[in-house]
Amino acid sequence: MADEVQASDADGEESSRRDFLYLATLAAGAGLGGAFVWPLIDSMNPAADVLALSSIEVDIGSIVAGQGITVKWRGKPVFIRHRTAGEIQQARADDAAELPDRQADADRVERPEWLILVGVCTHLGCIPLGQKTGDPKGEFGGWFCPCHGSHYDTSGRIRKGPAPENLAVPHYTFLADGIVRIG
Amino acid sequence: MATRTEFKNPLIRWVDDRLPVFTYLDHEYNQFPMPKNLNYWWNFGALASVVLVLMIVTGIVLAMQYTAHVDLAFESVDRIRRDVNYGWLLQYIHMNGASMFFIVVFIHLFRGMYYGSYKAPRELLWMLGVVIVLLMMGTSFMGYVLPWGQMSFWGATVITNLFSAIPWVGDAIVTWLWGGFSVDNPTLNRFFALHYLLPFVLFAVVGLHVVAVHVTGSNNPTGIDVQAPRDTVSFHPYFTAKDSVGLVAFLMFFAAVVFFAPNLFGEPDNYIKANPLQTPAHIVPEWYFLPFYAILRAVPHKLLGVIAMFASIAVLFVLPWLDRSKVRSANYRPIHNGLFWIFLADCLFLGYIGANPAEGWFVWGGRIGTIWYFAHFLVLVPLVSMFERPRPLPASISEPVLKEKR
Ligand code: HEM
Ligand code: FES
């Protein structure tokens, strides 16, 4: 046994064969380890039942102009606002104002009277005020985030404060009259 | 760790000068001298370590999805199997991993018995092993309760009720274990807390166990001490390679069970949600408890039955002193060798009895098996160790190897 080991050590051919086996074993081990670790990691991603909750249908027939409701979608608030003619006009006029995250009001709504937004401040995730009648609506008549003072306008666009982006518009479709599906 | 290893890499050397972990690894897993005649039965300690790690890792991610509440636990486990990404895989690995753990550790334990590894100077190492078995039993028992199926519930009820056999304070202890007047939500919650804790205790005790084996060095199939460096080879690459071969074979077996027979070791009744008002017709513990369950039932007295069951494990603690023979390996002890195999058969037989209802011949079969179990340790092993004439031992570990070659 001892002589064999010495003989193969002296022989370059043999030791490169051993290096190959060594590397191949390590690679197989790494592959196996990875194949085991991935299920562990992926199990922490949203499960099938969580994904199944990813769209909701909302009856908006009873919301009169000037009113808004908040619904929960994927654990987050979604603002659905029935805008007044004045608000729509203001939002369109502001297309020309100074916008940190420039976007036209027409690109943010499917029907001008319905503004649908993810109600999560794009700064650090608080929920802006402005949904209830007594709430402060900020300097631009939309929403005001109390956490660090971000002001959003009547199109949900960021106008002032630390938030970098406009309030996000979720994917939605109007089904029959008065029903909207979010997600 | 008298001499330090000189490392070339300056960063490794910097760390090693301050905290000699690399020296430790190099000594214990690279240069460490192993008897050169170890067979594959010496793989099972390493396999058990791997299973322990697998159990802890899968357990942690399962705990992220599990709900410890009587109204939700059963459904949350169902959700893991159906909805969570790879949840079926992780749950089956964890569930069957417990059985694999016991298979591996039982083989490891019988290996120690056969080759006399419990004898001086390895008594503490052996006793730590027995502590490990006890911890494993506690952990797996409480883990089995968590899915809150019928077997979970009734297993928990029966096992906790064992303590009611204790005179005077028994009932108070059982109420305390339950946190109520039956196995219920408080019980489930504390079992979950403990089931999360115990594997880490187990990990620590395994750590001590491995430190201990590195103090004495491994025993070997001849049972005689290492005398010279020519009796040993270094841990790396010889045993890293040999352990890897065994590991691959074992993982193939493990994977085959997980993928093709995931319910092989399970009880179908545990897929029925726990019902505190109805006991399943035939209730049996998990297979690895069956021999002990048979011993419990063999004694026709509540308290004595419980004592016998615990004694059947406790007796392992004193095995190093019951066996007086200086010769370790059963290869050189003809009578002890025979006893060993009869004892192994007796354990399997008791397992078979434990799986069957306590009626007809199973009753006295269980009694005979139980009597043999204790007689083995308390009478036969001590007597044989005093009077048996061992076969001549080889002069050194190398001698038989060299002879074979000639
Ligand atoms: C979690 C379970 C366990 C783990 C992870 C474990 C780990 C190990 C390892 C890595 C070794 C060295 C390699 C080997 O000889 O196989 C070892 C040796 C040993 N173990 Fe365990 N062990 C466990 C349970 C037990 C149990 C239950 C017993 C007996 C009651 C036991 C008794 C021994 C003895 C006596 C040795 C030295 C064997 C020899 O050198 O011949 N172990 N263990
Ligand atoms: S989170 Fe809204 S302003 Fe900071």
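The structure displayed is predicted, hence computed values, not measured ones.

Quick notes on the overall build of chain B
A count of helical and extended segments in chain B gives 15 helices and 2 strands. In terms of C-alpha radius of gyration, chain B reaches 23 Å, essentially the compact-globule figure of 22 Å for 406 residues. When the backbone C-alpha atoms are referred to their principal axes, chain B occupies close to 70 × 60 × 40 Å. Counting the 406 residues in chain B, one finds 50% classified as buried. Long-range contacts, defined as pairs at least 24 residues apart, comprise 78% of the intrachain contacts of chain B with a sequence gap of at least 6.

Observations concerning the overall build of chain A
For chain A, the helix and strand inventory stands at 4 helices and 9 strands. Shown N-terminal to C-terminal, the secondary structure of chain A runs as helices and strands in the order α-α-α-β-β-β-α-β-β-β-β-β-β. Taken over the C-alpha trace, chain A has a radius of gyration of 29 Å; the compact-globule value for 183 residues is 16 Å, which it surpasses by more than 25%. In terms of principal-axis extent, the alpha carbons of chain A reach across some 95 × 35 × 25 Å. Sorting the 183 residues of chain A into buried and exposed places 33% on the buried side. When contacts within chain A are restricted to residue pairs at least 6 apart in sequence, long-range pairs at least 24 apart make up 52% of them. On chain A, the mean spot of the 17 positive side-chain charges and the mean spot of the 25 negative ones are 13 Å from each other.

A word on the interface of chain A and chain B
Taken together, the 15 residues of chain A in the interface contact 16 residues of chain B. Here chain A meets chain B over a buried area of about 1300 Å², counting both sides, of which 65% is carbon and sulfur. The largest contributions to the chain A side of the interface with chain B come from Phe36, Leu40 and Ser43 of chain A, which together make up 36% of the buried area. Linking chain A to chain B there are 1 salt bridge. A salt bridge links Arg79 of chain B to Asp49 of chain A; the shortest N-O distance between them is 2.5 Å. Taken together, the links from chain A to chain B amount to 5 residue pairs in polar contact (both at pLDDT 80 or more). Of all elements in the fold, only α2 (12–42) and α3 (48–52) of chain A reach the threshold of two or more residues within the side of chain A that touches chain B. No other element matches the 6 residues that α2 of chain A contributes to the side of chain A that touches chain B.

Focus on the sheet that holds strand β7 (residues 158–160) of chain A
Residue and element names in this part refer to chain A. A sheet is described by the order of its strands in space; here 3 strands give the open sequence β5-β6-β7, paired in antiparallel fashion. Every other strand in the sheet has two partners, leaving β5 (141–145) and β7 as the edge strands with one partner each. In this sheet, adjacent strand axes meet at a mean angle of 35° when their direction is disregarded.

A few points about the sheet that holds strand β4 (residues 114–118) of chain A
All names here are of chain A. Read from one edge to the other, the open sheet built from 3 strands follows the order β2-β3-β4, with strand pairing classed as antiparallel. Edge positions in the open sheet fall to β2 (68–73) and β4, since each of these has one partner strand only. Here the strands of the sheet are splayed against their neighbours by 20° on average, with no regard to which way each runs. Sheet topology places strand β3 (residues 76–82) next to β4; 5 bridges connect them, and they run antiparallel. By the bridge assignment for β4, Val78 is matched with Val118.

Re the packing of aromatic side chains
Residue and element names in this part refer to chain B. Under the definition given, this model contains 39 aromatic pairs over all chains. Taken together, a centroid distance of 5.9 Å and an interplanar angle of 25° make the contact between Trp41 and Phe44 stacked. Judged by its relative accessible area of 44%, Trp41 falls in the partly exposed class. Between Phe102 and Tyr288 the ring centres are 3.9 Å apart and the planes differ by 10°, which places this aromatic pair in the stacked class. Of this pair, Phe102 sits in helix α5 (residues 87–114) while Tyr288 sits in the loop between α10 (235–260) and α11 (290–298), placing them 186 residues apart in sequence.

Quick word on the confidence of the model for chain A
The predicted coordinates ought not to be read in detail in places where the model reports low pLDDT. Here chain A averages 89 in pLDDT, and 92% of its residues register 70 or above. Counting interchain partners and residues more than four positions distant, the pLDDT-below-50 stretch residues 1–10 of chain A has 5 contacts.

Side note on the site of ligand 1
All names here are of chain B. Every one of the 22 residues lining ligand 1 counts as a neighbour, but His108, Ser117, Val133, His209 and Asn219 are closest to it. Take Ser117: an N or O atom from its side chain is 2.5 Å from an oxygen atom of ligand 1. Elements that contribute at least two residues to the shell around ligand 1 include exactly α3 (44–63), α5, α6 (123–145) and α9 (185–216). The biggest single contributor to the shell around ligand 1 is α6, with 6 residues. Here the residues of the shell around ligand 1 sort into 13 nonpolar, 8 polar and 1 charged.

Focus on the nonpolar core
With 100 residues, the main nonpolar core has Phe101, Met113, Trp126, Trp148, Leu188, Tyr373 and Phe377 of chain B as its most contacted residues. With 14 residues, α5 of chain B is the single largest residue contributor to this core. With residues near it in sequence (within four places) discarded, Met113 of chain B still touches Tyr118, Trp126, Leu316, Leu319, His336, Phe340, Phe343 and Phe377 of chain B. Within the second largest apolar cluster, 14 residues are counted, among which are Trp114, Tyr172, Phe174 and Ile182 of chain A.

A word on the packing of α6 of chain B against helix α7 (residues 150–161) of chain B
All names here are of chain B. Relative orientation of the contacting elements α6 and α7 amounts to 135°, with a least axis distance of 7 Å. For the element pair α6 / α7, the angle class is oblique. Here Phe141, Tyr144 and Val145 of α6 lie close against α7, whose contacting residues are Met151, Ser152, Gly155, Ala156 and Ile159. Looking at the contact of α6 with α7, its residues break down into 6 nonpolar, 2 polar and no charged.

What about a nonpolar patch on the surface?
A contiguous nonpolar patch, built from Val37, Trp38 and Ile41 of chain A together with Tyr86, Trp88, Phe259 and Phe260 of chain B and spanning about 750 Å² of accessible area, is present on the exposed surface. Of all the secondary structure elements, the ones that give two or more residues to the nonpolar patch are α2 of chain A together with α10 of chain B. In terms of residue count, the dominant contributor to the nonpolar patch is α2 of chain A (3 residues). With respect to the helices and strands, the residue Trp38 of chain A is situated in helix α2. What makes Trp38 of chain A partly exposed here is its relative accessible area of 42%.

Details of the side chain of Ser150 of chain A
Residue and element names in this part refer to chain A. Mapped onto the fold, Ser150 is located in strand β6 (residues 150–153). At 3.2 Å, the side chain of Ser150 forms a polar contact with the backbone nitrogen of Ala163. With residues up to four places along the chain from it excluded, the contact list for Ser150 reads Cys121, Trp143, Phe144, Cys145, Ile158, Lys160, Gly161, Pro162 and Ala163.

Focus: the coordination of the iron atom of ligand 1
All names here are of chain B. Every protein donor of the iron atom of ligand 1 is accounted for by His108 (NE2) and His209 (NE2), and the metal-donor separations fall at 2.0 Å. Around the iron atom of ligand 1, the 6 donor atoms are arranged such that angles at the metal cover 83 to 179°; this shape is classified as octahedral. Pair noted here: His108 is in helix α5 and His209 is in helix α9, with a separation of 101 residues, a long-range link. Comparing His108 with His209 shows no difference in burial state: the two are buried.

Brief notes about the pairing of β4 of chain A
In terms of residue burial, β4 of chain A counts as a mostly covered element, since 5 of its 5 residues are buried. Neither face of β4 of chain A is left uncovered, since the one carrying Trp114, Ile116 and Val118 of chain A and the one carrying Leu115 and Leu117 of chain A both have all their residues buried.

The rules behind these values
All residue numbers here refer to positions counted from 1 along the written sequence of the relevant chain. Lettering for chains starts from A, numbering for ligands starts from 1, and both go in the order in which the items are written. With pLDDT at 70 or above as the cut-off, local features in this predicted model cover only qualifying residues; side-chain atom pairs require 80 or more to be listed or tallied, and sums for whole chains, interfaces and linings still use all residues. As a convention, hydrogens and water are excluded, and side-chain values are obtained from all of the structure's heavy atoms. By the criteria applied, helices consist of DSSP H or I runs no shorter than four residues and strands consist of E runs no shorter than two, each listed in order from the N terminus. Each radius of gyration is computed over the set of C-alpha atoms, and the globule rule expresses the reference value as 2.2 Å times the number of residues to the power 0.38. Working definition: with a 1.4 Å probe on protein chains only, accessible area under 20% of the residue-type maximum means buried, over 50% means exposed, and in between means partly exposed. Note on contacts: a residue pair is in contact if any heavy atoms of the two residues lie within 4.5 Å. Counted as positive: Lys and Arg. Counted as negative: Asp and Glu. His and the chain ends are not counted at all. One atom stands in for each charge, and that atom is NZ of Lys, CZ of Arg, CG of Asp or CD of Glu. Note on definitions: buried area is the accessible-area loss of two parts on being combined, 1.4 Å probe, summed for both. A side-chain nitrogen of Lys or Arg and a carboxyl oxygen of Asp or Glu constitute a salt bridge if their distance falls within 4 Å. Think of a polar contact as two N or O atoms within 3.5 Å of one another; within protein, one of them needs to be a possible hydrogen donor and the other a possible acceptor, and neighboring residues in sequence only count if both atoms come from side chains. Note on pairing: DSSP must find at least two bridges between two strands before they are called paired. Here, axes are lines fitted to C-alpha atoms. For helices the fit covers the stretch in contact, and angles between N-to-C directions go from 0 to 180 degrees. A pair of Phe, Tyr and Trp rings is counted when the ring centres sit within 6.5 Å of each other, with Trp represented by its six-membered ring. The angle between the planes then sorts it: under 30 degrees is stacked, over 60 is edge-to-face, the rest tilted. pLDDT is a residue-level measure of predictor confidence that goes from 0 to 100. By convention in this text, a residue qualifies as near a molecule or strand provided that one of its non-hydrogen atoms is within 4 Å of it. Three classes are used, and their members are as follows: Ala, Val, Leu, Ile, Met, Phe, Trp, Tyr, Cys and Pro are nonpolar, Asp, Glu, Lys and Arg are charged, and the others, Gly among them, are polar. We call a set of buried Ala, Val, Leu, Ile, Met, Phe, Trp, Tyr and Cys residues a nonpolar core when their side-chain atoms join them within 4.5 Å. What sets the label is the angle itself: under 35 degrees gives roughly parallel, over 145 gives roughly antiparallel, 65 to 115 gives roughly perpendicular, and the rest give oblique. Nonpolar side chains (Val, Leu, Ile, Met, Phe, Trp, Tyr) are joined into patches within 5 Å and like charges within 9 Å, using only residues with over 30% relative accessible area and no salt bridge. Using a 1.4 Å probe, accessible areas were evaluated by the Shrake-Rupley method; residue-level cover was limited to the displayed protein chains. With water omitted from the atoms examined, metal sites may look incomplete; donors here are N, O and S atoms no farther than 2.8 Å from the metal, or 3.2 Å in the case of Na, K and Ca. Labels for metal geometry use angle windows, namely 85 to 135 degrees for all angles of a four-donor tetrahedral site, and for square planar (four donors) or octahedral (six donors) sites opposite donors over 155 degrees apart plus all others within 65 to 115; sites meeting none of these are irregular.

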